[in-house]
Amino acid sequence: MSQFDAIVIGGGVNGLIAGTLLGRRGKNVCIIEKSTRFGGMASYSVDGGPTLAHSLYNLSPRALSDIGIDPQHPVLSGKPVSTVSLSEDGRHIVFKNDGVYWSDGTKHPESSAWSDLTQRLITYGSLLRQLAEAPAPGGQKTVLSRGGLNEFLRLAKLGIGLKKLGKSEMRRFLQVVLSNVHDIILDDLPEGPVAGLLAADAIWGSATGPRSPGTVFNLIYRLGHGGIITQPAGGMSALTDLMVEAAQKAGCVLMPKTEASRILLDNDTVSGVETTDGRTITAPIVLSNLAPKITSQMTGPSVFDIETIRRVRNIRACGTAAKVNLRLKDNSPLPGLPEQLANERLIFAPSVEYVEAAFNPAKYRQMSKAPVIEAFKVQTADGASWLSTIVQYAPSDLEGGWTESAKEKLAQTTVETLSRSLPGLGDHISGKQVITQDQIESATGAPGGHWHHAEMALDQLLTLRPANGMARYSMGPKGLFQCGAATHPGGDVMGLAGRNAALAALEAQP
Amino acid sequence: MTVENRYDVIVAGAGHNGLTAAAYLARAGMRVLVVEKNDWIGGAAVSRSLHEGWTYSNCSYVCSLLRREIARDLELPKYGLQVIPYEGGASFTRDADYFAYYSDHNALKREMARHSAKDADAYRGYSQAIMRQCRFIRPFLLRDAPDPASLHPRDLGELAYLVKKAHGQGSRELGETLKFWTMSIGDFLDEHFENDLIKAHLAGSGIIGTGLGVYSPGTAYVLLHHYMGDIDGGIGAWGFARGGMGAISNAIAASFKDHGGTIHTGAGVEKILSKDGRVEGVALEDGKVFYAPVVASNMDIKRTVLHHIDAAELPDDFTKAVRNFKIRGSSAKLNIALDRFPNFPAAPEHTSFLRGDLHVSQSLFELEKAYDDWKVGRWSEKPYIDMLIPSQIDPTMAPTGAHMMTVFVQYAPYDLEVDGVRSAENWNEKQRTAMAETVLDQMSVACPDIRERVVHMEVRSPLEIEREVGLTEGNIFQGELTFDQLFFNRPVPGWSQYSLPIKGLYLCGSSAHPGGGVMGAPGANAARAILRNETRHGRMKGYAA
């Protein structure tokens, strides 16, 4: 008799959601996590500094309600954050839900063009969300099963949704989703900071530039839940705490400081997990929140066919977003930024070409000399003020590796770049934390520190995510499932991968 | 109106696609006129003598994609077309070595093993994958692309054919196909090979003619676009047309004329005439006017719609979509008359690979960097070059003992950046010469004596290609080959089946599905669409004559 019905390896957002969902469906679940904290990348921080993720824009209400968290929970109902595109001449541009404004409150001339384009992409996003809330289409063994029927109905629904857009809009959709963001933006908007923001929002976390075909899909993905950006009350860890609480309420056993070393098999069926400290936990189902490559290493390659191993090895995951946390001397306003914008999302991406140029060095394993930056001013639990920034591009395979001097250089570049709009920022800084991909990888297991665990490119999406033949969450031996960001629909603090995986595991139950 | 200036169909532009469409229509018994702005025919499939004794294939320079169905239908061999395959090719290194590509499988395997044993083993899997994709795509080239938003029986039929073909591969292969179509040639090669030189050699076909880099998603498809042809059934083989690429156009023209067709050269279309949403004919630059109920334009979609039709005749959203159609100039061309065969110090004597395509790119990074230069409006510091010496095989191209060399150069921007200003106007003699010097430097990696061998050299920047041939921005495909501009999206969504919003107006050039290359498929497909839509029982509808 097994100790548990299911084991989830890795207590990140997707692991917590997968485990909780199973728990709520009556399974006896254990979630193991190698670090002391649950929440994975979402709440990872160094020495009490700001967390790796610092805002929510794509969290799935469906995943939340499936684990018993009210999407309107006080922690989650924070005020939407506006985005500020930082300008070097002090004329910052503010993006609100209803349009684009100059920092003095007057309407920006490109406001309606921006709204039209974003609204169109949000419409497309809501159509595609139907696909995100279920396993990727294709790969059903029999069409006449319940799953096959459901899939057919879902696709039919998508088809009807597309038809409802009208003929010309449907054609446009089929063209736009395959396009590159550079062309789509510049067809409707002049080159400049408004276009630059859209370009930046299409490339966060991924190893692509605005000119790379397929980047429109990334932008649509980001806008898939409406594109509203919020910050949870109490920070990202408040959200992950909420998820931990939901897991406990669902009866899950949470085991921190427990690292899996091997997935145990019995006659090509999963029987449990062996931990690094020599313990054995048994269960007939294992959901792995780890990347496919690590998961396959834990079972040993012999249980997979050679094709699967080749495909797993070829999954691309080169993280490009580094985290640079700048500790501020005090809570005084940032230089060059109006007081009322202090707590908004700050972006440095003055043009599409700037974003593309920032990407160039990353292709050759160099860091950007002029990076694209997203920054939030945050306060940590100890009351300290920080500028929490995501800096792109800083490739995980940097030539020479992420040495201390490389990190120092990245921090310096970050401050210099931000100082172009926030003059004298350097004088406000009292300390720095540079968290690069190698560190993210060793702390969270994400391959290449990639926040989607596998590059979000057209050849690694939907039926091809994480790889051809593996899109339906089950993997290799009976009872083994993947539930991490590498699976369909992908990463971000979204939770759908974990939710879909848990449902797939339930469906596979005899 | 006299009978002399009335036709059943007028084709605007005597490129190989225009001629192909015209030849098919003439064979169907129609009275067809082809009008051409230049004094010669052929468009970008042309042979010209710019220096006495030498013949240049000025634009396109090798042949493979020409659909064999078309060659058969139009009896091109009878009208003088001979295509001679060449074997192999090579990439030279900067330290006097080379990687040779042989069409003989065993020789190729031995050569690969010289650079990497692992890659020699991997080649089989690689070529199988490519071949499978070629087999999958070939049947679609001479079919219409279905409109997914339409419920017309023909569209549904074509869609069903697509689904059947795709599904027929089995789910595993279908996944591989989807992946192949959406990935970059760089990633695809990285999955198979480890050696930089081998990868660089194979990657070239993934970027030729496009505004994409080797790591841009979708370039694996572009590679396919260069592999899906054949010569005498040898899929993926390339060859020279005897007499240069103009021989192809000349053979199609001869076939056309033999079936009663007329070609009018020396005056381009000034305006495509239309009234009440129906095409009426064309007015030429020399003042002549010809009438016909059907006009097929061999010009690219932008030139056709934005320069030669009244905007008022077209719906605004269509014009906007055409304006947003991406046609990017990315390549240049050097045609060189050589006094004798240049010296390739690295190559063994009497080797066959010098008769093929020669390159000097060292790695995928070098190719990707060449693309980065282009993005900001400069020609590549280390351009990708594809050079061939066809006179080794075809003695008609140069005097005895002398040779002719064709050098394709990528990347070269249309809007050249000089002193902070990006404009096509910046292409002047000085800039062209400077670019040629860059290319000659790059070429001397393979043949250091190249500069001494030059008797005459023609340098064509994207601007010259645009001015002479008429291709917008000098783009050789009449439009980027990216997913958003392929298949049912080509040229613009909703208009992928050759007809345009003015009744009787058709597109028969490479802007239409399936796209560029000396393939003839858009021309043949357009002719089929015209015959289907415009005739009833073999007679033109609504045409009294």
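Residues numbered from 1 in each chain as written. Chains lettered and ligands numbered in written order. Predicted model: local features only at pLDDT ≥ 70, side-chain atom pairs only at ≥ 80, totals over all residues. Heavy atoms only, no water.

A. Looking closely at the overall build of chain A. Looking only at helices and strands, chain A has 16 helices and 16 strands in total. Relative to the globule expectation of 24 Å for 510 residues, the C-alpha radius of gyration of chain A, 22 Å, shows essentially globular dimensions. With the C-alpha coordinates aligned to their principal axes, the bounding extent of chain A is approximately 70 × 55 × 45 Å. Put simply, chain A has 510 residues, and 62% of those count as buried. For chain A, the proportion of contacts with a sequence separation of at least 24, taken over those separated by at least 6, is 72%. (Helix = DSSP H or I, 4+ residues; strand = E, 2+ residues; numbered from the N terminus. Rg over C-alpha atoms; globule rule 2.2 N^0.38 Å. Buried < 20%, exposed > 50% of the residue type's maximum accessible area, 1.4 Å probe, protein only. Contact = heavy atoms within 4.5 Å.)

B. Here's a closer look at empty space enclosed by the protein. Residue and element names in this part refer to chain A. By the definition in use, this model includes 5 cavities of 30 Å³ or more. Counted as a void, the largest cavity has a volume near 170 Å³. Residue assignment for the lining of the largest cavity shows that the elements contributing at least two residues are helix H4 (111-132) and helix H9 (215-222). Residue composition of the lining of the largest cavity, grouped by class: 9 nonpolar, 3 polar and 1 charged. Taken domain by domain, the lining of the largest cavity gets at least three of its residues from each of domain 1 (6-73 + 233-316 + 451-508) and domain 2 (114-222). Quantified by volume, the second largest cavity comes out at close to 120 Å³. In terms of lining residues, the second largest cavity is bounded by 13 residues, among which Asp201, Trp204, Asn218, Arg222 and His452 are the most central. With 3 residues, H9 is the largest single contributor of residues to the lining of the second largest cavity. (1 Å grid on protein atoms, 1.4 Å probe; cavity = no way out; pocket = protein on both sides within 12 Å on 5 of 7 lines; lining within 4 Å. Points joined across faces, edges and corners; volume = space filled by probe spheres on them. Nonpolar A, V, L, I, M, F, W, Y, C, P; charged D, E, K, R; others polar. Domains from an automatic or database assignment.)

C. Looking closely at the domain arrangement of chain A. All names here are of chain A. Split into domains, chain A comes out as domain 1 (6-73 + 233-316 + 451-508), domain 2 (114-222) and domain 3 (321-444). One C-alpha centre belongs to domain 2, the other to domain 3; they are set 29 Å apart. With 23 residues of domain 2 at the interface, the matching set in domain 3 holds 17 residues. Here domain 2 meets domain 3 over a buried area of about 1400 Å², counting both sides, of which 65% is carbon and sulfur. Its largest share of buried area at the contact with domain 3, domain 2 owes to Glu191, Trp204 and Pro210, together 35% of the area lost on that side. Seen at the junction of domain 2 and domain 3, the total is 1 salt bridge. A salt bridge links Asp201 to Arg345, with the shortest nitrogen-to-oxygen separation between them at 2.6 Å. Looking at the side of domain 2 that touches domain 3, the elements with two or more residues in it are helix H7 (181-188) and helix H8 (193-201). Per element, the largest residue contribution to the side of domain 2 that touches domain 3 is 7 residues, and it comes from H8. Grouping the amino acids of the side of domain 2 that touches domain 3 by side-chain chemistry returns 11 nonpolar, 8 polar and 4 charged. (Buried area = accessible area lost by both parts, 1.4 Å probe. Salt bridge = Lys/Arg side-chain N within 4 Å of Asp/Glu carboxyl O.)

D. A look at the interface of chain A and chain B. Contact with chain A, which involves 32 residues of that partner, is made by 37 residues of chain B. Between Asp372(B) and Lys363(A) there is a salt bridge; the shortest N-O distance is 2.6 Å. Taken together, the connections running from chain A to chain B amount to 22 residue pairs in polar contact (both at pLDDT 80 or more). Among the elements of the structure, helix H6 (167-176), H7, helix H12 (306-313) and helix H13 (352-363) of chain A are those that each provide at least two residues to the side of chain A that touches chain B. Ranked by residues supplied to the side of chain A that touches chain B, first place goes to H6(A) with 6 residues. (Polar contact = N/O pair within 3.5 Å; in protein donor to acceptor, adjacent residues only side chain to side chain.)

E. Local environment of the nonpolar core. Judged by nonpolar contacts, the single largest core of 230 residues is most densely connected at Met243(A), Leu287(A), Phe92(B), Tyr126(B), Met405(B), Val407(B) and Met443(B). If you tally residues by element for this core, the top one is helix H4 (residues 117-141) of chain B, at 11 residues. Every residue in contact with Met405(B), bar those within four places of it in the chain, is listed here: Leu334(B), Asn335(B), Ile336(B), Leu338(B), Met387(B), Leu388(B), Ile389(B), Met443(B), Cys447(B) and Ile450(B). Met30(B), Ala251(B), Val295(B) and Leu505(B) belong to the second largest nonpolar core, which has 73 residues in total. (Core = buried A, V, L, I, M, F, W, Y, C linked by side-chain atoms within 4.5 Å.)

F. Summary view of the pairing of strand S6 (residues 89-92) of chain B. Residue and element names in this part refer to chain B. Of the two faces of S6, both are covered, the one formed by Gly89 and Ser91 as well as the one formed by Ala90 and Phe92. Hairpin connection from S6 to strand S7 (residues 98-101): 5 residues lie between these consecutive antiparallel strands, with Ala96 at a positive phi of about 60°. Pairing of S6 with strand S17 (residues 357-359) involves 3 bridges; the strand directions are parallel. Bridged to Gly89 within S17 is Asp357. (Pairing = 2+ DSSP bridges.)

G. Structural context of the environment of Cys134(B). Residue and element names in this part refer to chain B. Along the polypeptide, Cys134 turns up in helix H4. Residue classification places Cys134 among the buried residues on the basis of a relative accessible area of 0%. Taking the C-alpha atoms as reference points, Cys134 and Glu69, 65 residues apart in sequence, are found 16 Å from one another. Setting aside residues no more than four positions away along its own chain, Cys134 makes contact with Leu224, Tyr227, Met228 and Ile235.

H. Spotlight on the sheet that holds strand S4 (residues 93-96) of chain A. Residue and element names in this part refer to chain A. Judged by pairing direction, the sheet is mixed, and its 8 strands sit side by side in the order S5-S4-S3-S12-S13-S14-S11-S15 without closing on themselves. The sheet is open, and its two borders are formed by strand S5 (99-102) and strand S15 (429-435), each paired with just one other strand. Geometrically, the sheet is characterised by an average inter-axis angle of 25° between neighbouring strands, direction not taken into account. Contacts from H4 reach S4 and S5 within the one sheet, and its direction differs from that of S5 by about 150°. The sheet strands contacting helix H15 (residues 437-444) are strand S11 (321-328) and S15, and the helix crosses S15 at an angle near 65°. (Axes fitted to C-alpha atoms, helices over the stretch in contact; angles between N-to-C directions.)

I. View of the packing of H4(B) against helix H7 (residues 185-192) of chain B. Residue and element names in this part refer to chain B. Packing of H4 against H7 leaves a shortest axis separation of 9 Å and a crossing angle of 135°. In terms of orientation, H4 and H7 fall into the oblique class. Across from Asp119, Ala122, Gly125, Tyr126, Ala129 and Ile130 in H4, the residues of H7 making contact are Phe188, Leu189 and His192. Of the residues contributing to the contact of H4 with H7, the split by class is 6 nonpolar, 2 polar and 1 charged. (Parallel < 35°, antiparallel > 145°, perpendicular 65-115°, else oblique.)

J. Structural detail: the environment of Arg365(A). Position of Arg365(A) relative to the elements: it lies in the loop between H13 and strand S13 (372-379). By relative accessible area, Arg365(A) is classed as partly exposed at 34%. C-alpha separation for the pair Arg365(A) and Gly26(A), spaced 339 residues apart in sequence, amounts to 48 Å. Each residue touching Arg365(A), except ones within four places of it in the same chain, is listed here: Pro395(A), Asp397(A), Leu398(A), Glu399(A) and Phe365(B). Polar side-chain contacts of Arg365(A) include one of 2.7 Å to the backbone oxygen of Asp397(A).

K. Region of interest: a nonpolar patch on the surface. A contiguous nonpolar patch, built from Leu149(A), Phe152(A) and Leu153(A) and spanning about 330 Å² of accessible area, is present on the exposed surface. Relative to the helices and strands, Leu153(A) is located in helix H5 (residues 146-164). (Patch = residues over 30% accessible without salt bridge, like charges linked within 9 Å, V, L, I, M, F, W, Y side chains within 5 Å. Areas by Shrake-Rupley, 256 points an atom, 1.4 Å probe, with all protein chains shown as cover.)

L. Inspection of unusual backbone geometry at higher detail. A cis amide bond links Gln410(B) with the next residue in sequence, Tyr411(B), at an omega value of 10°. Residue Pro514(B) is bonded to the preceding His513(B) through a cis peptide linkage, with omega at 0°. Within the secondary structure layout, Pro514(B) lies in the loop between strand S23 (505-507) and helix H17 (521-534). Positive phi, close to 80°, is recorded for Asp492(A), a residue that is not glycine. Following the sequence through the fold, Asp492(A) ends up in the loop between strand S16 (480-482) and helix H16 (496-508). The phi torsion at Asp276(B) lies on the positive side, around 50°, for a residue other than glycine. Checked against the element boundaries, Asp276(B) lands in the loop between strand S12 (269-275) and strand S13 (278-284).

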